[in-house]
Amino acid sequence: MVAYAMSTDFTRAYLHLSELAAHTRNLMHEGRASLAITESDCTGGDPQQLARISLSGHISRLAPSEPDYQEARNRYLKRLPDAAPLFDFGDFHLFSLQIDTARFVAGFGQARTLSGKALSRR
């Protein structure tokens with residue numbers, strides 16, 4: 001599980017991750033990733049009835065010198081302001097997941113696949 005923030009056009013997800021975590025080290029060696037986001041399961045019912053989306057695409061580390069870094073950082077901190085001190089830690093890095101496809105499931109038997117470009121028009 002990781003925290004994330006979305007770009008204003010919903011074509012990218014931003015992740016701020018520690019390289020001490022195994023999943024971060026994997027991302028640093030693999031150019032593809034998926035991020036699963038689910039509706040909160042507070043009822044204890046059938047988890048297959050929960051709405052969910054899986055965002056898949058190419059992930060890259062954003063260096064502070066890159067043009068997109070500041071916008072990504074601002075979006076992340078707008079959503080998760082308590083994460084600000086983590087940006088001072090040397091083992092944390094900001095990543096950008098460029099969304100190629102999104103698989104949305106509204107519940108059992110209600111699914112559709114969208115392209116990353118289609119997300120930006122919604």
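See the structure shown above.
Residues numbered from 1 in each chain as written. Predicted model: local features only at pLDDT ≥ 70, side-chain atom pairs only at ≥ 80, totals over all residues. Heavy atoms only, no water.

### Remarks on the packing of aromatic side chains
Then step 1. Per the counting criterion, the structure on display carries two aromatic pairs.
Then step 2. Ring plane angle 70° and centroid distance 6.1 Å describe the contact between Tyr76 and Phe87, whose orientation is recorded as edge-to-face. Note that Tyr76 is positioned in helix 2 (residues 69-79) and Phe87 in the loop between helix 2 and strand 5 (92-107), a separation of eleven residues in sequence. Here Tyr76 and Phe87 have matching classes, each one buried.
Then step 3. Between Phe89 and Phe92, the aromatic rings sit 6.1 Å apart at their centres with planes inclined by 70°, giving edge-to-face as the arrangement.
Then step 4. The residue whose ring lies beneath Arg73 is Phe87, and the NZ or CZ to ring-centre distance is 4.7 Å.
Then step 5. The ring of Tyr4 has Arg79 sitting right over it, with the charged end atom 4.4 Å from the ring centre. (Phe/Tyr/Trp six-rings, centres within 6.5 Å; stacked < 30°, edge-to-face > 60°. Helix = DSSP H or I, 4+ residues; strand = E, 2+ residues; numbered from the N terminus. Buried < 20%, exposed > 50% of the residue type's maximum accessible area, 1.4 Å probe, protein only. Lys NZ or Arg CZ within 6 Å of the ring centre and 35° of its normal.)

### Some remarks on unusual backbone geometry
Then step 1. With a phi close to 65°, Phe10 is a non-glycine residue in the positive phi region.
Then step 2. Inspection of the secondary structure assignment puts Phe10 in the loop between strand 1 (5-6) and strand 2 (12-18).
Then step 3. Residue Phe10 is classed as partly exposed on the basis of its relative accessible area of 41%.

### What about the side chain of Thr11?
Then step 1. By secondary structure assignment, the location of Thr11 is in the loop between strand 1 and strand 2.
Then step 2. Residue Thr11 is classed as buried on the basis of its relative accessible area, which comes to 11%.
Then step 3. A polar contact is formed between the side chain of Thr11 and the side chain of Asp9, at a distance of 2.7 Å. (Polar contact = N/O pair within 3.5 Å; in protein donor to acceptor, adjacent residues only side chain to side chain.)

### Brief notes about the nonpolar core
Where a protein is soluble and globular, its nonpolar side chains tend to be buried together.
Then step 1. In terms of nonpolar packing, the biggest core is built from 19 residues, with Leu15, Leu35, Leu55, Ile59 and Leu97 touching the most fellow members.
Then step 2. At the level of secondary structure, the elements contributing two or more residues to this core comprise strand 2, strand 3 (32-38), strand 4 (52-62), strand 5 and helix 3 (116-120).
Then step 3. Take this core: its biggest share by element is four residues, from strand 5.
Then step 4. Contacts of Ile59, omitting those with residues within four sequence positions, involve Leu15, Leu27, Glu30, Gly31, Ala33, Phe95, Ser96 and Leu97.
Then step 5. Ala5, Ala72, Tyr76 and Phe87 belong to the second largest nonpolar core, which has ten residues in total. (Core = buried A, V, L, I, M, F, W, Y, C linked by side-chain atoms within 4.5 Å. Contact = heavy atoms within 4.5 Å.)

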